[in-house]
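Here are the chains, one letter per residue:
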Amino acid sequence: MSKARVFSGIQPTGGVHLGNYLGAIKQWVQAQDSYENIFCIVNAHAITIPKDPKELRAQSLEMATLLLACGIDPAKSSLFIQSQIDEHGALAWLLNCVAGMGELNRMTQFKDKGAKQDQVSAGLFAYPVLMAADILLYQTNAVPVGEDQKQHLELARNLAQRFNRDFGACFVVPEPLIAPSGARVMGLDDPTIKMSKSHKAPLHALFLLDTPDLIAKKIKKATTDSLGVVAFDPTRAGLLNLLCIYENLSGLSREAIENEFQGKGYGHFKNALIELLVATLAPIQENHQRLQASPDYVTKVLNEGCARVRPLAQATYTKAKELMGLV
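Calculation criteria
- Residues numbered from 1 in each chain as written.
- Predicted model: local features only at pLDDT ≥ 70, side-chain atom pairs only at ≥ 80, totals over all residues.
- Heavy atoms only, no water.
- Helix = DSSP H or I, 4+ residues; strand = E, 2+ residues; numbered from the N terminus.
- Rg over C-alpha atoms; globule rule 2.2 N^0.38 Å.
- Buried < 20%, exposed > 50% of the residue type's maximum accessible area, 1.4 Å probe, protein only.
- Contact = heavy atoms within 4.5 Å.
- Areas by Shrake-Rupley, 256 points an atom, 1.4 Å probe, with all protein chains shown as cover.
- Pairing = 2+ DSSP bridges.
- Right-handed = clockwise from strand over helix to strand, strands pointing away.
- Phe/Tyr/Trp six-rings, centres within 6.5 Å; stacked < 30°, edge-to-face > 60°.
- Core = buried A, V, L, I, M, F, W, Y, C linked by side-chain atoms within 4.5 Å.
- UniProt positions renumbered as here; feature names shortened; annotations may be inferred.

Asks: Would you mind going over the overall build of the protein chain with me for this structure?
Replies: In terms of regular secondary structure, the protein chain is built from 13 helices and 5 strands. Scaling as 2.2 N^0.38, a compact globule of 327 residues should have a C-alpha radius of gyration of about 20 Å, and the protein chain matches this with 21 Å. The principal-axis extents of the C-alpha atoms in the protein chain amount to approximately 70 × 45 × 45 Å. For the protein chain, the proportion of its 327 residues judged to be buried stands at 46%. Partitioning the intrachain contacts of the protein chain with sequence separation of at least 6 by distance along the chain shows that 74% fall at a separation of at least 24. A total accessible area of about 15700 Å² is found for the protein chain, and carbon and sulfur atoms account for 54% of it.

So, in structure tokens, the structure goes:
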């Protein structure tokens, strides 16, 4: 029996923080044996806001290096850069002609990102359609999604169903692959907002390549409260965020963690969390350093991943084009 095909994409901008790792990449790595995996560095999504071309090229290769360092195995998964396969943009145009202005207007991320810019590009408005094309191009069975991506996957499902109804069977309708609970990481300085690459505060996000000293500084200054009791309490957002990180990295139950730190205070807990983070990130950082010294290997992995998935992308686009009467 063939494995279900899973597609995941990640933008190459701003490095990889702990939220990206625990919320997505760690699950990708652990599930590699369970699915047929396609991992894409979605660099075309990054140009919805102005980007320096040299910087974007460098960031795309750096993201590939980081994913490999985290454990993405080219023997088990296809890894490539979106712009290597022109059918992403070509299929997006076909789907733009199927999508409605109203449903794109309802995209909450467009509203959030658009509100922060003086001039909003048409690409930012339409990028959920490109995201749908990314998914549908590979006849994807399932897509790992967090809470903030459910709306985009629902659009992809709607477009697939509408196209299949109006033009003929073409696309697999993808199902959501829900990430485990507790994988949502909030800002260290403000636990009311999700950890973000774009947040400018220096102590907001913890990145995979942060030094042990910087990890210690960020965790020691991370928001908690004045109660001093280590417990999983949803009304204490700062402490809960740190405890969920510890839970995810340690694999211990909540009861075991509370027992471990009973009566020991926040200082003791934070030191233990620092040690756990440093130990978890050390092998990733060592792998990254080794891979950075072998850029030709990273390029080879990307080219081989592209070669594996390109025939599928071409076949899907050709079928969609023909069903719409484009010859």
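What follows continues from the structure just given.
Asks: Can you help me understand the pairing of strand E2 (residues 36-41) in this one?
Replies: Within a regular strand, the side chains alternate between the two sheet faces. In terms of residue burial, E2 counts as a mostly covered element, since 5 of its 6 residues are buried. In terms of strand pairing, strand E1 (residues 5-10) meets E2 through 6 bridges, oriented parallel. Bridge pairing in E2 links Gly9 to Cys40. Traced from E1 through helix H1 (residues 18-30) to E2, the parallel crossover comes out right-handed. By the bridge criterion, 5 bridges tie E2 to strand E3 (residues 77-81) in an arrangement that is parallel. Opposite Cys40, over in E3, you have Phe80 as the bridge partner.

Asks: Please clarify how the packing of aromatic side chains should be interpreted in this entry.
Replies: For the coordinates displayed, the defined rule picks out 8 aromatic pairs. When the centroid spacing of 5.2 Å and the interplanar angle of 80° are considered together, the rings of Phe261 and Phe269 count as edge-to-face. For the pair formed by Phe261 and Phe269, the shared burial category is buried. Linked through ring pairs, Phe7, Phe80 and Tyr138 together constitute an aromatic cluster.

Asks: Can you help me understand the nonpolar core in this one?
Replies: The nonpolar side chains of a soluble globular protein tend to be buried, and buried together. Residues Leu67, Leu79, Ile219, Ile245, Phe269 and Leu277 are the most contacted members of the largest nonpolar core, which totals 54 residues. Breaking this core down by element, the ones donating at least two residues are H1, E2, helix H3 (53-70), E3, helix H9 (212-220), helix H10 (237-250), helix H12 (265-292) and helix H13 (295-323). If one sorts the elements of this core by residue count, H12 sits on top with 10 residues. Other than its neighbours up to four places away in sequence, Ile245 contacts Leu18, Leu22, Val185, Leu188, Leu273 and Leu277. Core analysis: the second largest hydrophobic core is formed by 38 residues, Phe7, Phe163, Val309 and Ala313 among them.

Asks: Got a minute to help me understand the UniProt feature "short sequence motif: 'HIGH' region" (unreviewed entry) in the protein chain in this structure?
Replies: UniProt records the feature "short sequence motif: 'HIGH' region" (unreviewed entry) for residues 12-20 in the present numbering. Helix makes up 33% of residues 12-20 and strand 0%, with an end-to-end C-alpha separation of 12 Å.

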